[in-house]
Amino acid sequence: MDLSIFLAQLFGTYFVIVGIVSLIRRDAMRDLIKTLRSNPVLLTLIALAQVAAGLALVLTHSIFTSDYRIIISILGYWIVLEGIFYLVLSKKMLRKFLGYFSTPGWYIAGGILSVILGLYLACKGFGWWM
């Protein structure tokens, strides 16, 4: 199986699931962000894992074409940058930044965007249309 197809299936399915969970269980997601805000050790571990996962994606899939594959490549770079961002920011700045994601509107908008992006990638990966 082509790596791009596999990653489109993987990320597509993942984003649909996370988007639906964000829409249905906003309070649980908000509690997760609160936990991360109050536990810098946990956030550091997640950030280190993000950097490793993002680098794996960047090193195996840096394809900048005008189709769905560019989205996968951008996701890899985004994951690396986000992980580094979490590692270098101070505790105070991290708490403030994560506080922006504690609004119900964020979970609705983010959930909808996640489902749309996920459906697009899943459809490309599974060959359902286009």
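In this report, the structure presented in the accompanying data block is examined.

Between two packed helices, what matters for the description is the angle formed by their axes and the separation of those axes. Where helix α3 (residues 40-60) meets helix α4 (residues 69-88), the axes come as close as 7 Å, and the angle between the chain directions of the two elements is 150 degrees. With respect to α4, the axis of α3 lies roughly antiparallel. Seen from above, α3 lies across α4 with left-handed handedness. Contacts from Leu-43, Thr-44, Ala-47, Leu-48, Gln-50, Val-51, Gly-54, Leu-55, Leu-57 and Val-58 of α3 reach α4 at Ile-72, Leu-75, Gly-76, Tyr-77, Ile-79, Val-80, Glu-82, Gly-83, Ile-84, Tyr-86 and Leu-87.

Here the focus is the packing of aromatic side chains. The final tally for this structure, using the stated rule, is five aromatic pairs. Between the aromatic rings of Phe-11 and Phe-15, the centroid separation amounts to 6.1 Å while the plane-to-plane angle is 25 degrees, which identifies the pairing as stacked. Of the two residues, Phe-11 and Phe-15 both sit in helix α1 (residues 3-24), four residues apart, roughly one turn of that helix. When sorted by exposure, Phe-11 lands in the same class as Phe-15, which is buried. Ring centres of Phe-64 and Tyr-77 lie 5.9 Å apart, and the angle between their planes is 40 degrees; this geometry places the pair in the tilted category. Of this pair, Phe-64 sits in the loop between α3 and α4 while Tyr-77 is found in helix α4, placing the two residues 13 residues apart along the sequence.

Quick look at the pattern of salt bridges now. For the structure shown, the criterion picks out two salt bridges. The residue Asp-27 makes a salt bridge to Arg-30 at a minimum N-O spacing of 2.6 Å. Taken as a pair, Asp-27 and Arg-30 lie in helix α2 (residues 26-38) at a separation of three residues, close to a single helical turn. Asp-67 is paired through a salt bridge with Arg-69; the nearest N and O atoms lie 3.0 Å apart. Residue class for Asp-67 comes out partly exposed when judged on its relative accessible area of 28%.

Moving on, we come to the environment of Pro-104. Within the fold, Pro-104 resides in helix α6 (residues 104-126). Note: C-alpha distance between Pro-104 and Asp-27 (77 residues apart in sequence) is 8.3 Å. With residues near it in sequence (within four places) discarded, Pro-104 still touches Arg-26 and Arg-30.

Once that is clear, we can look at the nonpolar core. Judged by nonpolar contacts, Met-29, Ile-33, Leu-36, Leu-43, Ala-47, Tyr-86, Leu-89, Leu-94, Leu-98, Phe-101 and Tyr-107 together constitute the single largest core of 11 residues. Sorting the residues of this core by element identifies α2, α3 and α5 (91-99) as the ones contributing at least two each. For this core, the element with the most residues is α2, which contributes three residues. If we ignore the near neighbours within four places in the chain, the residues touching Ala-47 are Gly-83, Tyr-86 and Leu-87.

A cluster of nonpolar side chains, Val-41, Leu-45, Leu-48, Ile-84, Leu-87 and Val-88, forms an exposed patch at the surface whose accessible area comes to about 560 Å². Tracing the sequence through the fold places Val-41 in helix α3. Look at Val-41 and you get exposed, because its relative accessible area is 58%.

Parameters at a glance
- Residues numbered from 1 in each chain as written.
- Predicted model: local features only at pLDDT ≥ 70, side-chain atom pairs only at ≥ 80, totals over all residues.
- Heavy atoms only, no water.
- Axes fitted to C-alpha atoms, helices over the stretch in contact; angles between N-to-C directions.
- Helix = DSSP H or I, 4+ residues; strand = E, 2+ residues; numbered from the N terminus.
- Parallel < 35°, antiparallel > 145°, perpendicular 65-115°, else oblique.
- Left-handed = near helix turned anticlockwise from the far one by under 90°.
- Contact = heavy atoms within 4.5 Å.
- Phe/Tyr/Trp six-rings, centres within 6.5 Å; stacked < 30°, edge-to-face > 60°.
- Buried < 20%, exposed > 50% of the residue type's maximum accessible area, 1.4 Å probe, protein only.
- Salt bridge = Lys/Arg side-chain N within 4 Å of Asp/Glu carboxyl O.
- Core = buried A, V, L, I, M, F, W, Y, C linked by side-chain atoms within 4.5 Å.
- Patch = residues over 30% accessible without salt bridge, like charges linked within 9 Å, V, L, I, M, F, W, Y side chains within 5 Å.
- Areas by Shrake-Rupley, 256 points an atom, 1.4 Å probe, with all protein chains shown as cover.

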